[in-house]
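Residue-level structure breakdown
Take a look at the letters that make up each chain.
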Amino acid sequence: MQIRHTRPEDMDVLLALYENARQFMAQNGNPNQWVKGYPDRAQLEQDMAAGGSYVCTDGERIVGTFFFAVGEEPAYRRIENGQWLNDRPYGVVHRITAAAGTRGVASFCLDWCFSQRDNIRIDTHRDNLPMQRALAKNGYQPCGTIYLADGSERIAFQKEA
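Residues numbered from 1 in each chain as written. Predicted model: local features only at pLDDT ≥ 70, side-chain atom pairs only at ≥ 80, totals over all residues. Heavy atoms only, no water.

**Here we look at the overall build of the protein**
Heads up, the rule is: Counting from the N terminus, the helices are DSSP H or I runs at least four residues long and the strands are E runs at least two residues long. The reference for a compact globule is 2.2 Å times residues^0.38; the radius of gyration itself is calculated from the C-alpha atoms. Using a 1.4 Å probe on the protein chains alone, a residue whose accessible area is under 20% of its type maximum counts as buried, one over 50% counts as exposed, and one in between counts as partly exposed. Two residues qualify as a contact provided that any one of their heavy atoms is within 4.5 Å of a heavy atom in the partner residue. Two residue types count as positive, namely Lys and Arg, and two as negative, namely Asp and Glu; His and chain ends fall outside the count. Charged groups are reduced to one reference atom each: NZ for lysine, CZ for arginine, CG for aspartic acid, CD for glutamic acid.
When its secondary structure is counted, the protein shows 4 helices and 7 strands. Element order for the protein, N to C, with α for helix and β for strand: β-α-α-β-β-β-α-β-α-β-β. For a compact globule of 161 residues, the expected C-alpha radius of gyration is about 15 Å, and the protein comes in at 15 Å, within 12% of that figure. Projected onto its principal axes, the C-alpha positions of the protein cover 40 × 30 × 30 Å. Residues counted as buried form 48% of the 161 residues belonging to the protein. For the protein, restricting intrachain contacts to residue pairs at least 6 apart in sequence, the fraction spanning at least 24 positions comes to 70%. Here the protein contributes 18 positively and 20 negatively charged side chains, and the mean placements of these two sets differ by 3 Å.

Here it is in structure tokens:
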């Protein structure tokens, strides 16, 4: 597998990946994350314009996608019921998903992000148990609760070198 920046011609594949992810989450006890078509085309175009949209490929096939950037995430300024592992500069991962039927894609993407910055923060919905298991498997520690701009609660995780 390899990681590369997302290209405009990848958009339809990304939209399909996220639609499949929304269906998977709804069918597996997490119907309240990524609702109302989130992330949509506009969000993905914004991610690409910011230079933070990536795809994971296996040969020519896109098998996963995510957003990665180094810098402060405003939603991470306030954390409750715990604390971050450190206050060093960090990378942040958002909107990670993998194609149905693939194995190891999320771990590959998370490892790639950690190779770019050895201090990573990420969050997920309380009901997203598959992502919580993937984060634990990859050495991410739960740190507390953060709130998105719309007030939605998320469990915050961090991994440091």
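**Quick word on the pairing of strand β3 (residues 61-70)**
Note the threshold: At least two bridges found by DSSP between two strands is the condition for calling them paired.
Here β3 lies mainly inside the structure; 7 of its 10 residues are buried. Relative to strand β4 (residues 91-98), β3 runs antiparallel, the two being bridged by 6 bridges. By the bridge assignment, F68 is partnered in β4 with V93.

**Topic: the packing of aromatic side chains**
Quick note on the threshold: Here a pair means two rings of Phe, Tyr or Trp (six-membered ring of Trp) with centres within 6.5 Å. Their orientation is stacked below 30 degrees between planes, edge-to-face above 60, and tilted elsewhere. Ring-over charges, as used throughout, are those where CZ of Arg or NZ of Lys falls within 6 Å of the ring centre and within 35 degrees of the ring normal.
Taken as a whole and judged by the stated rule, the model has 7 aromatic pairs. Judged by centre distance (4.8 Å) and plane angle (50°), the rings of Y54 and W112 are tilted. Remark: W112 occurs in helix α3 (residues 105-116) and Y54 occurs in strand β2 (residues 53-58); sequence separation between them is 58 residues. With a relative accessible area of 10%, Y54 lands in the buried category. Consider the rings of F68 and W112, whose centres lie 5.9 Å apart with planes at 80°: the pair is edge-to-face. Here F68, found in strand β3, pairs with W112, found in helix α3; they are 44 residues apart in sequence, far enough to count as distant. In terms of burial, F68 and W112 fall into one category: buried. Members of the aromatic cluster, each reached through a chain of ring pairs, are Y54, F66, F68 and W112. Across the ring face of W84, the terminal group of R121 is positioned such that the distance to the ring centre comes to 4.1 Å. R121 extends its terminal NZ or CZ atom over the ring of Y90, reaching a point 4.1 Å from the ring centre.

**Structural notes on helix α1 (residues 11-27)**
We count it as follows: Multiplying 1.5 Å by the residue count of a helix minus one yields the expected span of that helix. Starting at the helix axis, one direction is taken to each C-beta atom, and the arc is that of these directions.
In a regular helix each residue adds 1.5 Å, so 17 residues correspond to 24 Å; α1 covers 24 Å between its end C-alpha atoms and thus fits that length. Looking at α1, one finds that the buried residues are M11, L14, L17, Y18, A21, R22 and M25. Across the axial projection of α1, the buried residues extend over an arc of 140°, all falling on one side. Exposed residues lying more than 90 degrees from the buried face of α1 are D12 and Q27. For α1, the secondary structure elements touched by its buried residues are α2 (41-49), β2, β3 and β4. Following α1 by one or two positions, G29 has its phi on the positive side, about 85°.

**Quick notes on helix α4 (residues 129-137)**
To keep it simple, the criterion reads: Each polar contact in these results corresponds to two N or O atoms within 3.5 Å; when the atoms are within protein, one needs to be able to donate a hydrogen and the other to accept it, and residues that are neighboring in sequence are counted only if both atoms are side-chain atoms.
Residues of α4 that are buried: M131, Q132, A134 and L135. What you see down the axis of α4 is that its buried residues fit within an arc of 160°, all on one side. Opposite the buried face of α4, by more than 90 degrees, sit the exposed residues R133 and K137. Where α4 is buried, its residues meet β4, α3, β5 (119-124) and β7 (153-160). Between the side-chain oxygen of the N-cap and the backbone nitrogen of M131 there are 3.1 Å, and the N-cap of α4 in question is N128.

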